[in-house]
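Here are the chains, one letter per residue:
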Amino acid sequence: MTFKRNFSNEQMIEQFKANSFDLAHITYNNCETVAPALGAQPPSVWRRLQDDTRRFHENGNQYLDGVFTPANRKKKEKSFYDLTRKAKQQVKALEKNLAAPSAVPAVETVNENFIPEKDPNYVPFGNFTSLKKIIQSKQFYPAFITGLSGNGKTLGVEQACSQLKRELIRVNITIETDEDDLIGGFRLVNGDTVWHNGPVIEALNRGAVLLLDEIDLASNKILCLQSILEGKGVFLKKIGKYVKPAAGFTVVATANTKGKGSDDGRFVGTNVLNEAFLERFPITFEQSYPSPTIETKILLNSGADQEFADNLVKWAGVIRKTFFDGGVDEVITTRRLVHIVQAHSIFGDRLTAITNCVNRFDDDTKQSFLDLYTKVDANTDSDTDSDSQQST
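Predicted, not measured: the structure shown is a model, and the values here were computed from it. (Residues numbered from 1 in each chain as written. Predicted model: local features only at pLDDT ≥ 70, side-chain atom pairs only at ≥ 80, totals over all residues. Heavy atoms only, no water.)

**Considerations on the side chain of Gln287**
At step 1: Inspection of the secondary structure puts Gln287 in strand β11 (residues 283-287).
At step 2: Given a relative accessible area of 11%, Gln287 falls into the buried group.
At step 3: Every residue in contact with Gln287, bar those within four places of it in the chain, is listed here: Phe125, Asn127, Ile145, Thr146, Gly147, Leu148, Asn151, Gly152 and Lys153. (Helix = DSSP H or I, 4+ residues; strand = E, 2+ residues; numbered from the N terminus. Buried < 20%, exposed > 50% of the residue type's maximum accessible area, 1.4 Å probe, protein only. Contact = heavy atoms within 4.5 Å.)

What follows is the structure, given as structure tokens:
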């Protein structure tokens, strides 16, 4: 069927304007509205719009392009409106995201106090004075502390910060520790995805002492701290923000090895650390067990009487000498001596306390340790006391 087009472009435009239609978004429904006034059928108006004024402009507006036939009119208009609605929704979503802050901590820590509590029983020894001077200087000067288990490496750092009223953020390193654990990452909070600072960033921002505990358990993922160990801060690539260290920030790492692994198998899980990583620690402290005088004072402060403290220190000293000579595979640490004193305060019997605290060793080692203590402390007998404990 042919439709006559007895109207001009100008007349068509005037009708669109008279009906307050948006000339940039003319639809077929608009053509149906103005068709009677133009003395034409709607398809004629639409085709005139498409064929004769495909790229027509007036006052900066233009008509729609595209092919249209009455058969697919409803389908085309529905798809046009759906696309327009979806586009508007996407624009609003993008505007909302752009207006939102790029990094919002999931947990506010501004008012928290990270100064460690003072241990009234702590007795300084070893490298404590040197470590305290580093922290007191508030200079960026990373320190690496290595030594056998249970000799006060971590406690010394905590108490140095406590005495100096310095904030300390401790991170316990494992083989699974990665950049997300240390630097931070996005977290889901109340349905929103927000950035959450990791402990390293918190320490940088606060000028705190960062303690990397058991650093030799780390994998190569620990290399994300390279720039931080140079005192240059870190660029958070996920949110496009550079974090500089505040005044007083420094790093202390503790380890049972020197980052070269454990050949004797005593510290299973320790790894060989990257040489470039280790080189970023300018100073290394070797932490030994305290002297007999210091260790006795530690046990007295923990609640032992003078005789028991003297006997325990003498007993541990013989075992350590034998250990370093290669005679035994186990050693009694200062931490274990404190545990024995605490066990004595609970059970009220010396040998019972010692037995319970050395049960972790194999039977032969345990019995040799108990026999040695009975020789140090003449008031105890391993067989008699062990039998009495079992009968009880």
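**What to know about the packing of helix α11 (residues 306-324) against helix α13 (residues 350-358)**
In a pair of packed helices, the angle between the axes and the distance between the axes together describe the arrangement.
At step 1: Following both chains from N to C, one finds α11 and α13 inclined at 35 degrees, their axes separated by 12 Å at the closest point. Both α11 and α13 take part in a crossing whose hand is right-handed. Contact residues: α11 offers Glu307, Phe308, Asn311, Leu312 and Trp315, while α13 offers Arg350, Ile354 and Val358.
At step 2: Its residues assigned to classes, the contact of α11 with α13 comprises five nonpolar, one polar and two charged. (Axes fitted to C-alpha atoms, helices over the stretch in contact; angles between N-to-C directions. Left-handed = near helix turned anticlockwise from the far one by under 90°. Nonpolar A, V, L, I, M, F, W, Y, C, P; charged D, E, K, R; others polar.)

**Let's talk about the sheet that holds strand β4 (residues 168-172)**
At step 1: Here we have five strands laid out as an open sheet, ordered β4-β7-β10-β3-β11, and parallel in their pairing. The strands lining the two open edges of the sheet, one partner per strand, are β4 and β11. Averaged over neighbouring strand pairs, the angle between their axes works out to 20 degrees when direction is ignored.
At step 2: By the bridge criterion, five bridges tie β4 to strand β7 (residues 209-213) in an arrangement that is parallel. (Pairing = 2+ DSSP bridges.)

**Describing the confidence of the model for the chain**
At step 1: In this model, the chain carries an average pLDDT of 85, and 80% of its residues clear a pLDDT of 70 or more.
At step 2: Considering only residues more than four positions removed or in separate chains, one finds that residues 55-80, a stretch of pLDDT under 50, has 46 contacts.
At step 3: Taken together, the stretch residues 383-392 has pLDDT below 50 and engages in six contacts with residues farther than four places along the chain or on a different chain. (pLDDT = per-residue confidence, 0-100.)

**Points about the pattern of salt bridges**
At step 1: Taken as a whole, this structure holds 15 salt bridges when the rule is applied.
At step 2: Linking Arg206 and Glu167 is a salt bridge whose minimum nitrogen-to-oxygen distance equals 2.8 Å. Of this pair, Arg206 sits in helix α8 (residues 199-206) while Glu167 sits in the loop between α6 (153-164) and β4, and the two are 39 residues apart along the sequence.
At step 3: What makes Arg206 partly exposed here is its relative accessible area of 21%.
At step 4: The class for Glu167 is buried, based on a relative accessible area of 16%.
At step 5: We note a salt bridge from Arg350 to Glu307, for which the minimum N-O separation is 3.2 Å. Taken together, the positions of Arg350 in helix α13 and Glu307 in helix α11 put the pair 43 residues apart, joining distant regions of the chain.
At step 6: Note on Glu307: relative accessible area 39%, which makes it partly exposed.
At step 7: Counted as one network, the salt bridges with shared partners bring together Asp305, Glu307, Arg350 and Asp377. (Salt bridge = Lys/Arg side-chain N within 4 Å of Asp/Glu carboxyl O.)

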